[in-house]
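Breakdown of the fold
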Amino acid sequence: MLQPLAGAVYTHLHTGGFIESGGTGFEVAGNAADVDSLRGYVGLRALSTVTVHGTALTPELRARVLQDFLSMRRDLTVSYLGDPTTALLASGIVQRHTAARYGGGLEARPMANWRLAVGYDVEVRGRSVAHLLNGAVRVAW
């Protein structure tokens, strides 16, 4: 069976401010920061279920194109405690807005109320590569 995939995910991350301590004279204080992310995706997955010795097995292959719609900047402003007028900008890696994610998985249903699943995906964004491994055990009663 071929199944189209489409969706969007919004994430908000707030990082509180901080002050380092240690007595070295180079301690810094960091401002609070907020990061918002809105990702949309479209893709396709192929799956089929077979039964082997009473266990239903569903292998799956999937592919998606992901698009980040908001700014990709991840900046943090810090200043030295000894001279708070000097601000330093720490910038994270600026990544591309578009990525491709490919993967597969296997779900086993040894009994009607049990589901065991494992999956692996790789996300390619320019020269950055992320590997994602997941597993699940689901029991319904």
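As a starting point, this report considers the structure included with it. (Residues numbered from 1 in each chain as written. Predicted model: local features only at pLDDT ≥ 70, side-chain atom pairs only at ≥ 80, totals over all residues. Heavy atoms only, no water.)

1. What about the packing of aromatic side chains?
Let me state the cut-off plainly: Stacked, tilted and edge-to-face are the three classes applied to pairs of Phe, Tyr and Trp rings, where Trp contributes its six-membered ring and a pair requires centres within 6.5 Å; stacked means planes under 30 degrees apart, edge-to-face means over 60, and tilted covers the rest. In this analysis the charged atom, NZ for Lys or CZ for Arg, is taken to sit over a ring once it is within 6 Å of the ring centre and within 35 degrees of the ring normal.
Tallied over the full model, the rule gives zero aromatic pairs. One residue, Arg-64, lies across the ring of Tyr-41, its end atom 4.7 Å from the ring centre.

2. Some points on the pattern of salt bridges
Cut-off, in case you're wondering: The salt bridge definition used is simple: a Lys or Arg side-chain nitrogen within 4 Å of an Asp or Glu carboxyl oxygen. By the criteria applied, helices consist of DSSP H or I runs no shorter than four residues and strands consist of E runs no shorter than two, each listed in order from the N terminus. With a 1.4 Å probe rolled over the protein chains alone, any residue whose accessible area is under 20% of its type maximum counts as buried; one over 50% counts as exposed, and the rest are partly exposed.
Inspection of the entire model under this criterion finds eleven salt bridges. Of the charged contacts in the structure, one is a salt bridge between Asp-121 and Arg-62, with a shortest N-O distance of 3.0 Å. Of this pair, Asp-121 sits in strand β10 (residues 114-125) while Arg-62 sits in strand β6 (residues 55-68), and the two are 59 residues apart along the sequence. The exposure classification of Asp-121 matches that of Arg-62, with both residues buried. The residue Glu-123 makes a salt bridge to Arg-125 at a minimum N-O spacing of 3.2 Å. Take Glu-123 and Arg-125: they sit in the same class, and that class is buried. The network of salt bridges with common partners includes Arg-39, Asp-68, Arg-101, Glu-123 and Arg-125.

3. So, the sheet that holds strand β8 (residues 83-91)
Basically, it comes down to this: Two strands pair under a simple rule: DSSP has to find at least two bridges between them.
The strand order β2-β3-β7-β8 describes an open sheet built from four strands, whose pairing is antiparallel. Since the sheet does not close on itself, it has two edges, and those belong to β2 (18-19) and β8, each with one partner. Bridge count between strand β3 (residues 28-30) and strand β7 (residues 75-80): three bridges; the pairing is antiparallel. Its bridge partner lying in β7, Gly-30 is registered against Val-78.

4. Notes on unusual backbone geometry
Backbone geometry places His-53, a non-glycine residue, at a positive phi of 50°. As for its placement among the helices and strands, His-53 is situated in the loop between β5 (50-52) and β6. In this structure His-53 comes out as exposed when scored by relative accessible area, which is 82%.

5. Comments concerning a nonpolar patch on the surface
For clarity, the threshold we go by: Patch definition: residues with relative accessible area over 30% and no salt bridge; like charges joined within 9 Å; nonpolar side chains (Val, Leu, Ile, Met, Phe, Trp, Tyr) joined within 5 Å. The accessible surface values rely on the Shrake-Rupley method and a 1.4 Å probe; as for residues, cover is taken only from the protein chains in view.
On the surface, Met-111, Trp-114, Leu-116, Val-137, Val-139 and Trp-141 cluster together to form a nonpolar patch covering roughly 680 Å² of accessible area. Where the nonpolar patch is concerned, the elements lending two or more residues are β10 and β11 (128-139). Inspection of the secondary structure puts Met-111 in the loop between β9 (98-109) and β10.

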